[in-house]
Amino acid sequence: MKKKKNVFMEGAIPPSFIADSIAKHQSKHSIGAHNIFLGQVRADLTDGKKVSAIEYSTYEAMADEKLYDIREKAFEKFNLTCMHIYHSLGKVNAGEICFFVFVSSERRKEVYEATEAIVNMVKEEVPIFGKEIFEDETHQWKVNS
C-alpha cells in the first residue's frame, strides 16, 4: 500500500509551492511531460452579490479514502510517473488558487487525459464542501459545476 499523501493545505495554495513542486521533478529523467490544473476562486455574482472568498471544509478521513482510490485508479489507467493532488481547506480569497493537480509521464498524451480524469473524479467523488462568502459577509453553500 502506498503511503498516505498529504492533500489538504490550510488556506490558498501559494505560487511558490507550485513552483517548488515543479522544480523537485528535475532529477526524474524518465519524465517527458507534465500537466498542471489550477483551480482558482472566482468572484462570481449571485443574486447581485459578489463572492469574495470560499471557505472549504471536508470529512478528512472519508476524503483521504476517496483520494487514495482516485490515485490508484489513475495509476492503473494511465502510464504516470508521478501524480500530486492538493486542495485548500479554510478560507481562500477570490483570485487565489484552491486546487492543484500535477501529473507527470513519459509522454504528453497521458498527462492530458489523466489530468482531466483526475480533476473530474475529485470534483465528483471527494466530499469537499465550499461555502461561498459574499462581500456583504452573507454566505451560501457552493454547488460544483
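Residues numbered from 1 in each chain as written. Predicted model: local features only at pLDDT ≥ 70, side-chain atom pairs only at ≥ 80, totals over all residues. Heavy atoms only, no water.

Engineer: Explain the nonpolar core to me, please; I cannot follow it from the model alone.
Structural biologist: In a soluble, globular protein the nonpolar side chains are often hidden away together inside. Counting residues in hydrophobic clusters, the biggest one holds 30 residues, and the most contacted among them are Leu 80, Ile 85, Ile 118 and Val 122. Those elements giving two or more residues to this core turn out to be strand 4 (49-58), helix 2 (60-77), strand 5 (80-93), strand 6 (97-105), helix 3 (108-125) and strand 7 (128-134). No other element matches the 6 residues that helix 3 contributes to this core. Look past the residues within four positions of Ile 85 in its chain and what remains in contact with it is Val 7, Leu 67, Ile 70, Phe 99, Phe 100, Val 101, Ile 118 and Val 122. Met 9, Ile 97, Phe 100 and Phe 102 belong to the second-largest nonpolar core, a separate cluster that totals 7 residues. (Core = buried A, V, L, I, M, F, W, Y, C linked by side-chain atoms within 4.5 Å. Buried < 20%, exposed > 50% of the residue type's maximum accessible area, 1.4 Å probe, protein only. Helix = DSSP H or I, 4+ residues; strand = E, 2+ residues; numbered from the N terminus. Contact = heavy atoms within 4.5 Å.)

Engineer: When you look at unusual backbone geometry in this model, what are you seeing that I'm missing?
Structural biologist: Unusually for a residue other than glycine, Asp 47 sits at a positive phi of about 50°. Tracing the backbone through its elements, the reader meets Asp 47 in the loop between strand 3 (45-46) and strand 4. Residue Glu 137 is not a glycine yet carries a positive backbone phi of 75°. Within the secondary structure, Glu 137 is located in the loop between strand 7 and strand 8 (139-141). By relative accessible area, Glu 137 is classed as exposed at 62%.

Engineer: I would appreciate a short explanation of the packing of aromatic side chains in the present structure.
Structural biologist: Each aromatic ring pair is described using two quantities: the centre-to-centre distance and the angle formed by the ring planes. Summed over all chains, the structure comprises 6 aromatic pairs. With centroids separated by 4.8 Å and ring planes inclined at 85°, the aromatic side chains of Phe 17 and Tyr 86 adopt a geometry described as edge-to-face. Linking Phe 17 in helix 1 (residues 15-23) with Tyr 86 in strand 5, this pair joins segments that are 69 residues apart in sequence. A residue is classified by how much of its surface remains accessible, and Phe 17, at 22% relative accessible area, is partly exposed. Relative accessible area serves as the criterion here: at 16%, Tyr 86 is assigned to the buried category. Here the aromatic rings of Phe 37 and Phe 99 are separated by 5.6 Å at their centres, their planes lie at 70°, and the arrangement is edge-to-face. Of the two residues, Phe 37 sits in strand 2 (residues 33-40) while Phe 99 sits in strand 6, which places them 62 residues apart along the sequence. (Phe/Tyr/Trp six-rings, centres within 6.5 Å; stacked < 30°, edge-to-face > 60°.)

Engineer: Explanation requested: the pattern of salt bridges in the structure shown.
Structural biologist: Under the counting rule described, the total for this entry stands at 3 salt bridges. With its nearest N and O atoms 3.5 Å apart, the salt bridge here joins Lys 73 to Glu 125. Remark: Glu 125 occurs in helix 3 and Lys 73 occurs in helix 2; sequence separation between them is 52 residues. For Lys 73, a relative accessible area of 41% puts it in the partly exposed group. Across the pair Lys 109 and Glu 113 runs a salt bridge whose closest N-O atoms are separated by 2.9 Å. Of the two residues, Lys 109 and Glu 113 both sit in helix 3, 4 residues apart, roughly one turn of that helix. Looking at Lys 109, the relative accessible area reads 56%, which means it is exposed. You can call Glu 113 partly exposed: its relative accessible area is 36%. (Salt bridge = Lys/Arg side-chain N within 4 Å of Asp/Glu carboxyl O.)

Don't take any of this as a statement about function, it's just geometry.
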